[in-house]
Amino acid sequence: MNISEILSHVDHTQLKAYASWEDIINLCEEAIRLKTASVCVPPCYVGKIREAFEDKVRICTVVGFPLGYSVTEAKVAEVKQALKDGADEIDVVVNICDVKNHDFQAVREELARIREAAGIHVLKVIIETCYLSEEEKIQLCKIITQVGADYIKTSTGFGPEGAKLSDIELFKENIGPQVKIKAAGGIRTAQSMEEFLNAGCQRIGSSSAADLCKEDR
């Protein structure tokens with residue numbers, strides 16, 4: 001797999017709390033040049049990116065990020081505002097508190113409302129694997145399949161651990177055929193990205209896309 005093929009699966013990411021508009025411009029220009037799948041950015045920059053870059057870049061943004069415990073109404077409002085501002089894709093953090101309480105009905109109801117709010121747009125559900133037991137991960141695979149989300153995503157990148165290949169294998173065994181996989185968190189080299197793609201991921205979340213071209217020299 002060459003670098004261009006890898007980059008076509010990357011959501012080029014800048015989600016630091018102190019990300020400046022200059023940082024975001026650089027990110028978008030890199031994404032256009034490198035032909036990444038999208039940029040993944042804070043919600044406050046979605047409208048400015050759409051205005052500045054029009055349709056030259058695909059915009060992904062985050063909801064309930066990074067802790068997931070916003071109330072459902074707030075998450076739904078975030079989704080609607082992000083789409084109004086011009087987002088193409090939504091990465092939402094599951095309510096990890098509900099998961100740890102094993103209130104899977106609440107998880108299902110929230111994600112169903114978010115799926116409805118997202119409409120035809122791509123919806124990725126971040127489950128933050130580092131906090132979960134295997135059984136909790138399996139339950140979330142089933143719920144994400146049931147509500148019709150497009151992707152299950154491993155991590156925010158803000159937790160104590162990121163993506164693991166063992167979790168990708170677990171997802172593949174328990175998600176439905178229409179659900180894709182996004183790995184994120186600690187994936188910084190072409191070799192690691194290729195490993196996750198070969199394991200079955202369709203997207204990689206990483207802030208290191210530009211560094212791959214330096215590796216390739």
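For clarity, every value in this text was computed on a predicted model and none was experimentally measured.

**Topic: the sheet that holds strand S1 (residues 10-13)**
- Around the barrel, 8 strands lie side by side as S1-S2-S3-S4-S5-S6-S7-S8; this closed barrel has parallel pairing. Each neighbouring strand pair of the sheet contributes to a mean axis angle of 25°, computed without reference to strand direction.
- Summarising the sheet, strand S7 (residues 180-184) and strand S8 (residues 203-206) pair through 3 bridges and their orientation is parallel. Residue Ala184 lies in a different strand from S8, and its bridge partner there is Gly205.
- The sheet strands contacting helix H9 (residues 190-199) are S1, S7 and S8, and the helix crosses S8 at an angle near 150°.

**What to know about the UniProt feature "active site" (unreviewed entry) in the chain**
- Using the residue numbers shown here, the UniProt feature "active site" (unreviewed entry) corresponds to Asp91, Lys153 and Lys182. Spanning 92 residues, the annotated positions come together in the fold, the maximum distance between their C-alpha atoms being 10.1 Å. Checked against the lining of the largest pocket, the annotated residues just named reduce to Lys153 and Lys182.
- On the secondary structure map, Asp91 appears in strand S4 (residues 89-93).
- Residue position: Lys153 is located in strand S6 (residues 151-153).
- Not counting the four nearest positions on each side in its chain, Lys153 is found in contact with Asp91, Val125, Ile126, Ile127, Glu128, Lys182 and Ala184.

**Considerations on helix H8 (residues 165-174)**
- Of all the residues in H8, the buried ones are Asp167, Ile168, Leu170 and Phe171. One side of H8 holds all its buried residues, which, seen down the axis, span an arc of 160°. When the buried face of H8 is taken as reference, the exposed residues oriented beyond 90 degrees from it are Ser166 and Glu173.
- On its buried side, H8 packs onto helix H7 (134-147), S6, S7 and H9.

**Observations concerning the pairing of strand S5 (residues 122-126)**
- The element S5 is extensively covered by neighbouring structure, given that 5 of its 5 residues are classed as buried.
- A two-sided burial pattern is seen for S5, the buried positions comprising Val122, Lys124 and Ile126 on one face and Leu123 and Val125 on the other.
- Judged from the 3 bridges that link them, S5 and S6 form a sheet pairing that is parallel. Its bridge partner lying in S6, Ile126 is registered against Lys153.
- Handedness of the crossover joining S5 and S6 through H7: right-handed.

**With respect to the environment of Tyr69**
- Along the chain, the position of Tyr69 falls in the loop between strand S3 (59-63) and helix H4 (72-85).
- Along the primary structure Tyr69 and Ile96 are separated by 27 residues, whereas in three dimensions their C-alpha atoms are 6.7 Å apart.
- Setting aside chain neighbours within four positions, we find Tyr69 in contact with Asn95 and Cys97.

**Re the pattern of salt bridges**
- Under the criterion given, the structure shown has 18 salt bridges.
- Linking Arg113 and Glu73 is a salt bridge whose minimum nitrogen-to-oxygen distance equals 3.4 Å. Of this pair, Arg113 sits in helix H6 (residues 104-118) while Glu73 sits in helix H4, placing them 40 residues apart in sequence.
- Overall, Arg113 belongs to the partly exposed group, its relative accessible area being 38%.
- Residue Arg115 is joined to Asp150 by a salt bridge in which the shortest nitrogen-to-oxygen separation is 2.8 Å. One end of the pair, Arg115, is in helix H6; the other, Asp150, is in the loop between H7 and S6, and 35 residues separate them in sequence.
- Overall, Arg115 belongs to the buried group, its relative accessible area being 13%.
- Counted as one network, the salt bridges with shared partners bring together Asp11, Arg58, Glu89, Asp91, Lys124, Lys153, Lys182 and Arg203.

Definitions and cut-offs
The residue numbering used here restarts from 1 in each chain and proceeds along that chain's sequence as written. Thresholds applied to this predicted model are a pLDDT of at least 70 for local features of residues and 80 or more for the giving and counting of side-chain atom pairs; totals over whole chains, interfaces and linings are not thresholded and use all residues. Only hydrogens and water are set aside; all other atoms, that is, all heavy atoms of the structure, feed into the side-chain values. Should DSSP find at least two bridges between two strands, the strands are taken to pair. Per the convention used, a helix needs a DSSP run of H or I reaching at least four residues, while a strand needs a run of E reaching at least two, with both numbered from the N terminus. Interaxial angle, 0 to 180 degrees, is taken between N-to-C directions of lines fitted to C-alpha atoms, where a helix line uses only the stretch in contact. The criterion used for residue contact is that any of the two residues' heavy atoms lie within 4.5 Å. UniProt positions are given in the numbering used here, feature names are shortened, and annotations may be inferred rather than shown by experiment. A pocket, in this scheme, is an open set of points on a 1 Å grid over the protein atoms alone with protein on both sides within 12 Å along at least 5 of 7 lines, while a cavity is a set where a 1.4 Å probe fits but cannot get out; residues line either one if an atom lies within 4 Å of a point. Whether a residue is buried, partly exposed or exposed follows from its accessible area with a 1.4 Å probe, protein chains only, as a fraction of its type maximum: under 20%, in between, or over 50%, in that order. As used here, the arc is the angular range of directions from the helix axis to the C-beta atoms. We call a crossover right-handed when, viewed with both strands directed away from the observer, the connection leading from the first strand over the helix to the second proceeds clockwise. Salt-bridge detection follows one rule: a side-chain nitrogen of Lys or Arg within 4 Å of a carboxyl oxygen of Asp or Glu.

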